[in-house]
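Here's the letter readout for the chains.
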Amino acid sequence: MELDGVKQMIMTTGTPNVTDRGAAILCESAKAVKAVVNLPIQGQCEPPDDDIWFERMKEAGIDSLGMHLEVVTPEIRARMMPSKAEVPLERYMKAFDAAVSVFGHGEVSTYILAGLGDTVDEILFICDVLIHKGVYPFVVPFVPIIGTPLENHPSPTPQFMQSIFEPLGAMLKKAGLRSSDAKAGCAKCGACSALPSYEV
Ligand code: SF4
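Below or above, wherever it landed, is the structure these notes cover.

Cut-offs applied
Going along each chain's sequence as written, the residues are numbered from 1 onward. Residue-level local features of this predicted model are given only where pLDDT is at least 70; pairs of side-chain atoms are given and counted only at 80 or more, and the full residue set underlies all totals for whole chains, interfaces and linings. In computing side-chain properties, one takes all heavy atoms of the structure into account and sets aside hydrogens as well as water. By nonpolar core we mean a set of buried residues, namely Ala, Val, Leu, Ile, Met, Phe, Trp, Tyr and Cys, connected to one another through side-chain atoms within 4.5 Å. Summary of the burial criterion: residues with accessible area below 20% of their type's maximum are buried, those above 50% are exposed, and those between are partly exposed, where the area comes from a 1.4 Å probe applied to protein chains only. Helix and strand labels come from DSSP, where a helix needs a run of H or I of at least four residues and a strand needs a run of E of at least two; each type is numbered from the N terminus. The contact criterion used throughout is that any non-hydrogen atoms of two residues lie within 4.5 Å. The arc in question is the one spanned by the directions pointing from the helix axis to the C-beta atoms. Strand pairing is defined by DSSP finding a minimum of two bridges between the two strands. Handedness is read with the strands pointing away from the viewer; a crossover is right-handed when the path from the first strand over the helix to the second is clockwise. Where helices are involved, their axes are fitted lines through C-alpha atoms of the stretch in contact, as for all axes, and angles between N-to-C directions lie from 0 to 180°. Here a crossing is called left-handed whenever its near helix is offset anticlockwise from the far helix by less than a right angle, and right-handed whenever the offset is clockwise. Residues were grouped as follows: Ala, Val, Leu, Ile, Met, Phe, Trp, Tyr, Cys and Pro as nonpolar; Asp, Glu, Lys and Arg as charged; and all remaining residues, including Gly, as polar. Here, a salt bridge means any Lys or Arg side-chain nitrogen found within 4 Å of an Asp or Glu carboxyl oxygen.

**Describing the nonpolar core**
Among soluble globular proteins, nonpolar side chains are generally buried collectively.
So, point 1. Among the nonpolar cores identified, the biggest contains 58 residues, and Phe 54, Met 57, Phe 96, Val 139, Ile 164 and Leu 168 are the most heavily contacted of them.
So, point 2. For this core, the secondary structure elements donating two or more residues are helix 1 (23–34), helix 2 (52–60), helix 4 (89–103), strand 4 (108–114), helix 5 (120–133), strand 5 (135–141), helix 6 (158–175) and helix 7 (186–189).
So, point 3. Residues within four places of Phe 96 in sequence aside, it is in contact with Met 67, Leu 69, Val 108, Ser 109, Thr 110, Leu 130, Lys 133 and Val 135.

**Some points on helix 2**
So, point 1. For helix 2, the complete set of buried residues consists of Trp 53, Phe 54, Met 57 and Ala 60. Down the axis of helix 2, the sector holding all buried residues measures 130°, keeping them to one side.
So, point 2. Summarising the contacts, the buried residues of helix 2 are in contact with helix 1, strand 3 (64–66) and helix 4.
So, point 3. Where helix 2 ends, the next residue or the one after it, Gly 61, has phi of about 115°, a positive value.

**Side note on the pairing of strand 2 (residues 41–44)**
So, point 1. Burial along strand 2 is two-sided: the face carrying Ile 41 and Gly 43 and the face carrying Gln 42 and Gln 44 are both buried.
So, point 2. Examined bridge by bridge, strand 1 (residues 9–12) and strand 2 share 4 bridges and lie parallel to one another. Bridge pairing in strand 2 places Thr 12 opposite Gln 44.
So, point 3. With helix 1 bridging strand 1 and its parallel neighbour strand 2, the resulting β-α-β unit is right-handed.
So, point 4. Looking at chain direction, strand 2 and strand 3 are connected through 3 bridges and run parallel. From the neighbouring strand, Gly 43 faces strand 3, where its bridge partner is Leu 65.
So, point 5. Regarding topology, helix 2 serves as the crossover connection from strand 2 to the parallel strand 3, and that connection is right-handed.

**Description of the packing of helix 2 against helix 4**
So, point 1. It is the contact of helix 2 with helix 4, at a shortest axis distance of 9 Å, that shows an interaxial angle of 30°. When the axes of helix 2 and helix 4 are compared, the crossing they make is right-handed. Contact with helix 2, carried on its side by Phe 54, Glu 55, Met 57 and Lys 58, involves Ala 95, Ala 98, Ala 99, Val 102 and Phe 103 of helix 4 and no other residues of that element.
So, point 2. A per-class count over the contact of helix 2 with helix 4 returns 7 nonpolar, no polar and 2 charged.

**What about the pattern of salt bridges?**
Side chains that differ in charge, positive against negative, can pair when their charged atoms come close.
So, point 1. Summed over the entire model, instances satisfying the criterion amount to 6 salt bridges.
So, point 2. Between Arg 21 and Glu 46 there is a salt bridge, with the nearest N and O atoms lying 3.1 Å from each other. Taken as a pair, Arg 21 in the loop between strand 1 and helix 1 and Glu 46 in the loop between strand 2 and helix 2 lie far apart in primary sequence, 25 residues in all.
So, point 3. Classification of Glu 46 as buried rests on a relative accessible area of 5%.
So, point 4. Salt-bridge contacts for Asp 63 lead to Lys 34; the nearest nitrogen and oxygen are separated by 2.9 Å. One end of the pair, Asp 63, is in the loop between helix 2 and strand 3; the other, Lys 34, is in helix 1, and 29 residues separate them in sequence.
So, point 5. Take Asp 63: its relative accessible area is 15%, and that puts it in the buried class.
So, point 6. A relative accessible area of 24% places Lys 34 in the partly exposed class.

So this is what it looks like as C-alpha coordinates:
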(Lines give C-alpha, C1' and ligand atoms only; values in the text may rest on other atoms or scores of the structure.)
Protein backbone atom coordinates (compact mmCIF):
# COMPACT_ATOMS: atom_id res chain seq x y z
CA MET A 1 0.00 0.00 0.00
CA GLU A 2 2.79 2.44 0.90
CA LEU A 3 5.00 1.80 -2.12
CA ASP A 4 2.51 0.97 -4.88
CA GLY A 5 -0.77 2.52 -3.77
CA VAL A 6 -2.49 -0.88 -3.69
CA LYS A 7 -6.22 -0.37 -3.11
CA GLN A 8 -7.52 -3.93 -2.82
CA MET A 9 -6.27 -7.49 -2.43
CA ILE A 10 -7.47 -10.75 -3.92
CA MET A 11 -6.75 -14.02 -2.13
CA THR A 12 -7.37 -17.26 -3.95
CA THR A 13 -6.93 -20.80 -2.74
CA GLY A 14 -7.23 -23.57 -5.27
CA THR A 15 -8.81 -26.47 -3.40
CA PRO A 16 -6.59 -27.45 -0.46
CA ASN A 17 -9.20 -29.88 0.92
CA VAL A 18 -12.80 -30.97 0.27
CA THR A 19 -14.26 -29.83 3.60
CA ASP A 20 -13.79 -26.09 4.12
CA ARG A 21 -12.32 -25.91 0.58
CA GLY A 22 -9.86 -23.20 1.51
CA ALA A 23 -12.07 -21.05 3.74
CA ALA A 24 -9.95 -21.76 6.85
CA ILE A 25 -6.67 -20.62 5.29
CA LEU A 26 -8.45 -17.58 3.87
CA CYS A 27 -9.59 -16.70 7.40
CA GLU A 28 -6.07 -17.02 8.80
CA SER A 29 -4.58 -15.03 5.94
CA ALA A 30 -7.16 -12.24 6.02
CA LYS A 31 -6.75 -11.85 9.79
CA ALA A 32 -2.99 -11.52 9.37
CA VAL A 33 -3.34 -8.87 6.67
CA LYS A 34 -6.02 -6.89 8.50
CA ALA A 35 -3.86 -6.92 11.66
CA VAL A 36 -1.38 -4.78 9.74
CA VAL A 37 -3.34 -2.78 7.16
CA ASN A 38 -6.97 -1.92 6.47
CA LEU A 39 -6.95 -3.23 2.91
CA PRO A 40 -10.22 -4.43 1.30
CA ILE A 41 -9.92 -8.17 0.57
CA GLN A 42 -11.77 -10.51 -1.73
CA GLY A 43 -11.49 -14.19 -0.79
CA GLN A 44 -11.95 -16.84 -3.48
CA CYS A 45 -12.85 -20.46 -2.78
CA GLU A 46 -15.27 -23.18 -3.73
CA PRO A 47 -18.44 -23.48 -1.64
CA PRO A 48 -17.35 -24.85 1.75
CA ASP A 49 -19.15 -27.80 3.34
CA ASP A 50 -20.83 -25.55 5.93
CA ASP A 51 -22.26 -22.06 5.36
CA ILE A 52 -20.91 -21.00 8.78
CA TRP A 53 -17.62 -20.41 6.94
CA PHE A 54 -19.13 -17.35 5.25
CA GLU A 55 -19.61 -15.70 8.63
CA ARG A 56 -16.15 -16.79 9.75
CA MET A 57 -14.57 -15.31 6.62
CA LYS A 58 -16.46 -12.04 7.08
CA GLU A 59 -15.41 -11.85 10.74
CA ALA A 60 -11.80 -12.55 9.73
CA GLY A 61 -11.78 -9.44 7.53
CA ILE A 62 -12.81 -10.72 4.10
CA ASP A 63 -15.00 -8.03 2.51
CA SER A 64 -16.08 -9.76 -0.71
CA LEU A 65 -16.27 -13.36 -1.82
CA GLY A 66 -15.73 -15.04 -5.19
CA MET A 67 -16.96 -18.59 -5.81
CA HIS A 68 -16.12 -19.40 -9.39
CA LEU A 69 -18.34 -21.50 -11.61
CA GLU A 70 -15.87 -21.32 -14.56
CA VAL A 71 -18.32 -23.12 -16.90
CA VAL A 72 -22.05 -23.43 -16.43
CA THR A 73 -23.50 -26.52 -18.12
CA PRO A 74 -23.17 -29.84 -16.28
CA GLU A 75 -21.71 -31.82 -19.23
CA ILE A 76 -19.01 -29.22 -19.90
CA ARG A 77 -18.26 -28.85 -16.20
CA ALA A 78 -17.71 -32.63 -15.99
CA ARG A 79 -15.47 -32.63 -19.07
CA MET A 80 -13.40 -29.49 -18.46
CA MET A 81 -13.03 -29.69 -14.66
CA PRO A 82 -14.02 -33.17 -13.46
CA SER A 83 -12.87 -32.63 -9.89
CA LYS A 84 -14.49 -29.23 -9.38
CA ALA A 85 -17.69 -30.50 -11.04
CA GLU A 86 -18.16 -32.81 -8.05
CA VAL A 87 -19.64 -29.74 -6.35
CA PRO A 88 -22.98 -29.54 -8.18
CA LEU A 89 -24.47 -26.31 -9.51
CA GLU A 90 -27.28 -26.64 -6.95
CA ARG A 91 -24.73 -26.36 -4.14
CA TYR A 92 -23.20 -23.28 -5.75
CA MET A 93 -26.65 -21.65 -5.98
CA LYS A 94 -27.43 -22.32 -2.32
CA ALA A 95 -23.96 -21.12 -1.34
CA PHE A 96 -24.46 -17.90 -3.33
CA ASP A 97 -27.67 -17.18 -1.41
CA ALA A 98 -25.99 -17.83 1.93
CA ALA A 99 -22.94 -15.76 0.98
CA VAL A 100 -25.00 -12.77 -0.22
CA SER A 101 -26.84 -12.76 3.12
CA VAL A 102 -23.47 -12.37 4.85
CA PHE A 103 -21.40 -10.22 2.46
CA GLY A 104 -24.24 -8.25 0.88
CA HIS A 105 -25.73 -7.52 -2.53
CA GLY A 106 -22.96 -7.10 -5.12
CA GLU A 107 -20.20 -8.31 -2.77
CA VAL A 108 -20.36 -11.90 -4.01
CA SER A 109 -19.19 -12.73 -7.51
CA THR A 110 -18.36 -15.61 -9.78
CA TYR A 111 -15.94 -16.06 -12.65
CA ILE A 112 -17.37 -17.55 -15.85
CA LEU A 113 -14.92 -18.49 -18.59
CA ALA A 114 -16.50 -18.00 -22.01
CA GLY A 115 -15.14 -20.05 -24.90
CA LEU A 116 -14.96 -23.48 -23.27
CA GLY A 117 -18.20 -24.81 -24.79
CA ASP A 118 -21.09 -22.99 -23.09
CA THR A 119 -23.32 -21.19 -25.60
CA VAL A 120 -24.16 -17.49 -25.38
CA ASP A 121 -27.70 -18.35 -24.26
CA GLU A 122 -26.50 -20.78 -21.58
CA ILE A 123 -24.13 -18.16 -20.16
CA LEU A 124 -26.75 -15.40 -20.25
CA PHE A 125 -29.35 -17.65 -18.62
CA ILE A 126 -27.14 -18.41 -15.62
CA CYS A 127 -26.04 -14.77 -15.41
CA ASP A 128 -29.70 -13.76 -15.12
CA VAL A 129 -30.21 -16.22 -12.25
CA LEU A 130 -27.07 -14.95 -10.51
CA ILE A 131 -27.93 -11.27 -10.96
CA HIS A 132 -31.32 -11.88 -9.32
CA LYS A 133 -29.45 -13.32 -6.35
CA GLY A 134 -27.25 -10.21 -6.09
CA VAL A 135 -24.21 -12.08 -7.43
CA TYR A 136 -21.97 -10.35 -10.00
CA PRO A 137 -21.24 -12.73 -12.92
CA PHE A 138 -17.77 -11.79 -14.12
CA VAL A 139 -17.66 -13.27 -17.63
CA VAL A 140 -14.12 -13.53 -18.97
CA PRO A 141 -12.80 -14.80 -22.33
CA PHE A 142 -10.80 -18.01 -22.03
CA VAL A 143 -7.12 -17.44 -22.86
CA PRO A 144 -4.91 -20.50 -23.46
CA ILE A 145 -1.65 -20.72 -21.52
CA ILE A 146 1.39 -22.43 -23.06
CA GLY A 147 2.35 -25.62 -21.24
CA THR A 148 -1.14 -26.39 -19.94
CA PRO A 149 -3.53 -29.10 -21.21
CA LEU A 150 -5.64 -26.43 -22.94
CA GLU A 151 -2.73 -24.66 -24.64
CA ASN A 152 -4.22 -25.39 -28.07
CA HIS A 153 -7.81 -24.55 -27.14
CA PRO A 154 -8.88 -21.39 -29.00
CA SER A 155 -10.04 -18.19 -27.34
CA PRO A 156 -13.59 -17.07 -28.14
CA THR A 157 -13.99 -14.52 -30.93
CA PRO A 158 -14.59 -10.83 -30.15
CA GLN A 159 -18.06 -11.27 -31.74
CA PHE A 160 -18.88 -14.10 -29.32
CA MET A 161 -17.82 -11.98 -26.34
CA GLN A 162 -19.74 -8.97 -27.59
CA SER A 163 -22.89 -11.06 -27.98
CA ILE A 164 -22.61 -11.81 -24.25
CA PHE A 165 -21.37 -8.43 -23.02
CA GLU A 166 -24.02 -6.24 -24.67
CA PRO A 167 -27.08 -7.93 -23.13
CA LEU A 168 -25.24 -8.72 -19.91
CA GLY A 169 -24.17 -5.10 -19.48
CA ALA A 170 -27.81 -4.04 -19.82
CA MET A 171 -28.91 -6.69 -17.29
CA LEU A 172 -26.29 -5.50 -14.79
CA LYS A 173 -27.31 -1.88 -15.26
CA LYS A 174 -30.99 -2.70 -14.75
CA ALA A 175 -30.17 -4.59 -11.55
CA GLY A 176 -27.90 -1.84 -10.23
CA LEU A 177 -24.89 -4.16 -10.04
CA ARG A 178 -21.64 -2.35 -10.81
CA SER A 179 -18.16 -3.81 -10.57
CA SER A 180 -16.81 -0.54 -9.20
CA ASP A 181 -19.19 -0.67 -6.20
CA ALA A 182 -17.66 -3.88 -4.83
CA LYS A 183 -15.10 -3.41 -2.06
CA ALA A 184 -12.64 -5.79 -3.73
CA GLY A 185 -12.45 -8.51 -6.33
CA CYS A 186 -11.76 -9.54 -9.91
CA ALA A 187 -14.71 -7.58 -11.33
CA LYS A 188 -13.42 -4.45 -9.60
CA CYS A 189 -9.92 -5.10 -10.99
CA GLY A 190 -11.41 -5.78 -14.42
CA ALA A 191 -8.09 -6.61 -16.09
CA CYS A 192 -9.26 -9.95 -17.46
CA SER A 193 -12.50 -8.85 -19.13
CA ALA A 194 -14.06 -5.90 -20.95
CA LEU A 195 -17.38 -6.53 -19.17
CA PRO A 196 -17.15 -3.53 -16.76
CA SER A 197 -17.08 -1.16 -19.74
CA TYR A 198 -20.47 -2.54 -20.88
CA GLU A 199 -22.22 -1.74 -17.57
CA VAL A 200 -22.97 1.85 -18.53
S1 SF4 B 1 -9.43 -9.79 -12.97
FE2 SF4 B 1 -7.69 -10.98 -13.65
S3 SF4 B 1 -5.85 -9.69 -13.20
FE4 SF4 B 1 -7.60 -8.87 -12.02
S5 SF4 B 1 -7.43 -9.87 -10.01
FE6 SF4 B 1 -8.83 -11.14 -11.24
S7 SF4 B 1 -7.52 -12.71 -12.20
FE8 SF4 B 1 -6.17 -11.07 -11.43
